[in-house]
Amino acid sequence: MIINILVGITVIIAFFIGYYLLSHLNKTMFEINVQKNPRLSGAARTGGITFILLGVLGILSMIIQNDIFILIVLLATTFAGTILEMVIMNIINHR
């Protein structure tokens, strides 16, 4: 029961991050114009698509109720978030 709640929270966060990144492709993010910075644009596009896919996989894992698949989705979401954060921080620090 608690795993389903955690996966549900993870799915909501993944969809929010994915939507945020994809919706800011034509705006400024962290005081950087995303369209003028190809590294940030690529990171936002790739990260947004990745998080939308992880959200869909999270919903699928809640439907299937396979513990190993749930664990893989939770770990993949954690690693994707960490890597994306590191890439974006690298872009911000080296502008």
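The sections below set out a description of the structure shown in this document. No experiment lies behind these values; they were computed from the predicted model shown.

### Structural notes on the environment of Asn-37
Here Asn-37 lies in the loop between β2 (32-33) and α2 (38-64). A residue is classified by how much of its surface remains accessible, and Asn-37, at 16% relative accessible area, is buried. Put simply, Asn-37 and Arg-95 are 58 residues apart on the chain and 9.1 Å apart in space, counted from C-alpha to C-alpha. Setting aside chain neighbours within four positions, we find Asn-37 in contact with Ile-32 and Ile-91.

### Quick look at the environment of Thr-50
Tracing the backbone shows Thr-50 in helix α2. Thr-50 sits in the partly exposed class, given a relative accessible area of 31%. Expressed as a C-alpha distance, the spacing of Thr-50 and Leu-84, which sit 34 residues apart in the sequence, is 9.8 Å.

Cut-offs and rules
- Residues numbered from 1 in each chain as written.
- Predicted model: local features only at pLDDT ≥ 70, side-chain atom pairs only at ≥ 80, totals over all residues.
- Heavy atoms only, no water.
- Helix = DSSP H or I, 4+ residues; strand = E, 2+ residues; numbered from the N terminus.
- Buried < 20%, exposed > 50% of the residue type's maximum accessible area, 1.4 Å probe, protein only.
- Contact = heavy atoms within 4.5 Å.

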